[in-house]
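Observations on chain architecture
Letter by letter, the chains look like this.
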Amino acid sequence: MPKIEVNESLFFKQIGKKYDYESLEKILTCGKAELDEKPDESLPEDLRTIKIELNDTNRPDLWSTNGIARQISLYGGQKSVDYSSFMSKKGDVKDSGNRIATVDPELKNIRPYMVAFVISGRAIDEPMLLDIIQTQEKLAWNFGRKRKSISMGIYNVSQIKFPVHYKAVDPDKTSFVPLQFTEPMTCRQILTDHPKGKDYGWILKDMKKIPLLVDDKGEILSMAPIINSATLGAVQVGEKDLMVELTGDNIENLILSANMVACDFADCGYEILPVKVCHPYDTGLGKDIVAPYYFQLPTTTSLSHINKLLGLELTQKEVTAALERMGNAVNVKDIKDKDGNEDTEFILNPPPYRNDFLHEVDVIEDVMIGLDLTTFKPEKPGDFTIGRLLPLTEFSRKTKTLMVGLGYQEMIFNYVGSRQDYIEKMNTDGSNVIEIANPMSENYQFIRSSVIPSLLKAESISANAVFPHKIFEIGKIAYICEKENTGTRTRQSLGFLTAANNANFNGAAGEVSALLYYLDHKYEVKESCDPRFIQGRQAAVIVNGKQAGVFGEIHPAVLENWAINVPCVAGEIDLEELI
């Protein structure tokens with residue numbers, strides 16, 4: 001979970017109140033955070049550092065001194081700040097003057113989106129500069145998937161001639177002096193030789209052209225997302241006007257990050273000046289983006305749902321106050337429920353720095369936190385229950401015993417993996433595979449829709465083990481299913497694989513027959529056309545007229561993708577279809 005370090009003096013100044021560490025520990029729960037480490041109290045207050053750990057990752061607005069201080073001050077009763085003076089929204093775009101940036105059409109398939117704004121009005125001091133650097137790194141590392149989806153740069157506006165240009169360049173023919181260096185390097189050299197290039201060069205290593213941000217005089221600001229230039233990209237304490245730019249591949253996350261940083265600076269008394277970025281292609285929110293920009297949609301819930309889920313009898317006034325303590329704007333109207341009873345609907349408009357309301361339950365969670373968790377008194381269970389295994393668990397255990405009896409070894413794998421493993425190497429189109437909206441890594445971007453890729457991955461690194469290899473797993477899979485209310489379906493599945501020189505369809509058919517016999521199920525097989533298996537050497541398992549599984553000889557192309565050099569047979573059976 002993210003951890004942040006805050007300057008004690010700046011932190012309490014932004015809260016508007018000084019807390020002792022015990023009281024601070026208690027109130028940090030309003031941001032789902034806790035005190036990770038107390039500072040050295042022998043130091044002066046302006047040199048003390050408080051370490052805070054955030055216990056959730058769905059609110060990146062709290063990953064800064066000003067963000068967590070804002071939440072604490074709102075929770076303590078301070079009124080929400082109105083950010084609308086600098087916040088563009090649909091139908092009301094703020095004037096950016098000459099502050100314009102253009103985007104090269106060639107960046108569409110490289111690093112397509114950019115947003116920016118300017119902070120002005122006062123000189124930046126050392127605590128604020130250190131905090132914005134920390135915010136930059138936390139957002140880029142955690143929220144921005146190690147800079148792949150989001151990176152941020154800060155520049156001295158007094159040295160920049162607008163418009164600035166975000167363009168694609170040849171990495172071998174373009175050079176500049178990067179931060180921490182004194183001599184020019186080509187962009188290609190930066191990717192391989194500069195410390196930041198070694199850390200983040202993997203993002204651009206396969207690109208024929210790479211992104212570069214320059215001003216209208218041709219002076220280089222940065223090579224996103226790797227490093228700023230040593231001339232225009234080195235910000236010092238005491239500088240007054242700064243441009244903040246963010247680039248990446250997800251426009252909503254970029255704008256949300258820009259909103260968070262802009263609101264942080266606005267809370268410290270800085271003036272926020274919008275910048276218009278002109279894209280030659282549609283971003284999903286239009287071609288021209290004037291940031292900061294409010295794009296969040298309202299979320300609704302009702303008083304009856306809130307009280308039912310929380311087990312309380314709250315009033316409209318109490319719910320409204322709780323949501324406002326979390327920084328939300330709330331509209332209320334009287335409605336009737338489906339049975340014709342009087343009810344109250346709450347329409348929540350999140351602040352511009354939050355975009356974590358995906359469902360009404362998220363609103364109810366904010367009500368719960370806004371009420372103070374001590375509101376909920378401990379209660380003893382009202383019903384007497386006896387714990388027991390679910391029928392599916394008992395059935396799965398029986399199946400495991402049978403698989404071991406058939407000579408298989410049990411394996412346990414992750415349920416989350418990469419596109420390469422779950423789709424590309426399996427010769428499938430991936431149409432039913434669930435993709436995570438904001439993954440932390442490409443290696444954990446998709447939910448597996450089959451156990452077989454996990455088994456093949458294990459086999460691909462087992463060439464030195466004595467053959468035959470017989471492995472299985474009973475675990476969860478999930479896939480897109482329009483018949484479900486959620487649009488997805490999760491099932492308990494058995495996957496098995498045999499790797500041996502004599503592995504063949506007939507051997508797999510015999511083992512499937514033995515397994516289903518001892519599970520007391522009659523079945524039949526029908527021809528199938530699964531691209532993972534050899535055509536004519538595969539079969540679908542039909543139980544009670546429905547397909548419950550498939551087995552067969554793995555296709556040579558799939559084996560080649562996994563660098564497996566021996567024949568393999570594999571199969572998968574939906575255990576929930578057998579209960």
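These remarks concern the structure in this document. Remember, predicted model here, so these are calculated numbers, not experimental data.

1. Overview of the sheet that holds strand E23 (residues 434-435)
Strand order in the open sheet formed by three strands is E22-E24-E23, with antiparallel pairing between adjacent strands. Here the strands that pair on one side only, and so sit at the sheet edges, are strand E22 (416-417) and E23.

2. Considerations on the packing of aromatic side chains
If you walk through the whole model with that rule in mind, you get seven aromatic pairs. Both rings, one in Phe11 and one in Phe12, keep their centres 5.7 Å apart while their planes meet at 35 degrees; by these two values the pair is tilted. Ring geometry for Tyr408 against Phe496: centres 6.1 Å apart, planes inclined by 80 degrees, an arrangement best described as edge-to-face. A residue pair is termed long-range when its members are at least 10 positions apart, and Tyr408 in the loop between helix H11 (391-405) and strand E21 (409-410) and Phe496 in strand E26 (residues 488-499) qualify at 88 residues. Members of the aromatic cluster, joined through ring pairs, are Tyr83, Phe86 and Tyr353. Sitting above the plane of the Tyr353 ring, Arg70 keeps its charged end 4.1 Å from the centroid. The side chain of Arg325 reaches across the aromatic face of Tyr75, ending 4.0 Å from its centre.

3. Description of helix H8 (residues 303-310)
Buried within H8 we find Leu303, Ile306, Asn307 and Leu310. End-on view of H8: buried residues confined to an arc of 90 degrees, all on one side of the axis. In H8, the exposed residues that point more than 90 degrees away from the buried face are Lys308 and Leu309. Here the buried face of H8 lies against strand E18 (299-302), helix H9 (316-324), strand E20 (342-349) and helix H10 (360-371). Just past H8, the residue Gly311 takes up positive phi, approximately 70 degrees.

4. Section: the packing of helix H1 (residues 8-15) against helix H3 (residues 65-75)
Where H1 contacts H3, the axes come no closer than 8 Å and their chain directions differ by 40 degrees. Relative to H3, H1 is oriented so that their crossing is right-handed. Side by side, H1 and H3 meet where Leu10, Phe11, Gln14 and Ile15 of the first sit next to Thr65, Asn66, Ile68, Ala69, Ile72 and Ser73 of the second. A class-by-class count of the residues in the contact of H1 with H3 yields six nonpolar, four polar and no charged.

5. Considering the packing of H3 against helix H7 (residues 251-267)
Two quantities define a packed helix pair, namely the angle between the helix axes and the distance between the axes. Interhelical geometry of H3 versus H7 gives an angle of 70 degrees and a closest axis separation of 9 Å. On the basis of the axis angle, H3 is roughly perpendicular to H7. Where H3 crosses over H7, the handedness of that crossing is left-handed. Only Met260, Cys263, Asp264 and Asp267 of H7 make contact with H3, whose side of the interface consists of Asn66, Gly67 and Arg70. A breakdown of the residues in the contact of H3 with H7 according to their chemical character gives two nonpolar, two polar and three charged.

Calculation rules
- Residues numbered from 1 in each chain as written.
- Predicted model: local features only at pLDDT ≥ 70, side-chain atom pairs only at ≥ 80, totals over all residues.
- Heavy atoms only, no water.
- Pairing = 2+ DSSP bridges.
- Helix = DSSP H or I, 4+ residues; strand = E, 2+ residues; numbered from the N terminus.
- Phe/Tyr/Trp six-rings, centres within 6.5 Å; stacked < 30°, edge-to-face > 60°.
- Lys NZ or Arg CZ within 6 Å of the ring centre and 35° of its normal.
- Buried < 20%, exposed > 50% of the residue type's maximum accessible area, 1.4 Å probe, protein only.
- Arc of directions from axis to C-beta.
- Contact = heavy atoms within 4.5 Å.
- Axes fitted to C-alpha atoms, helices over the stretch in contact; angles between N-to-C directions.
- Left-handed = near helix turned anticlockwise from the far one by under 90°.
- Nonpolar A, V, L, I, M, F, W, Y, C, P; charged D, E, K, R; others polar.
- Parallel < 35°, antiparallel > 145°, perpendicular 65-115°, else oblique.

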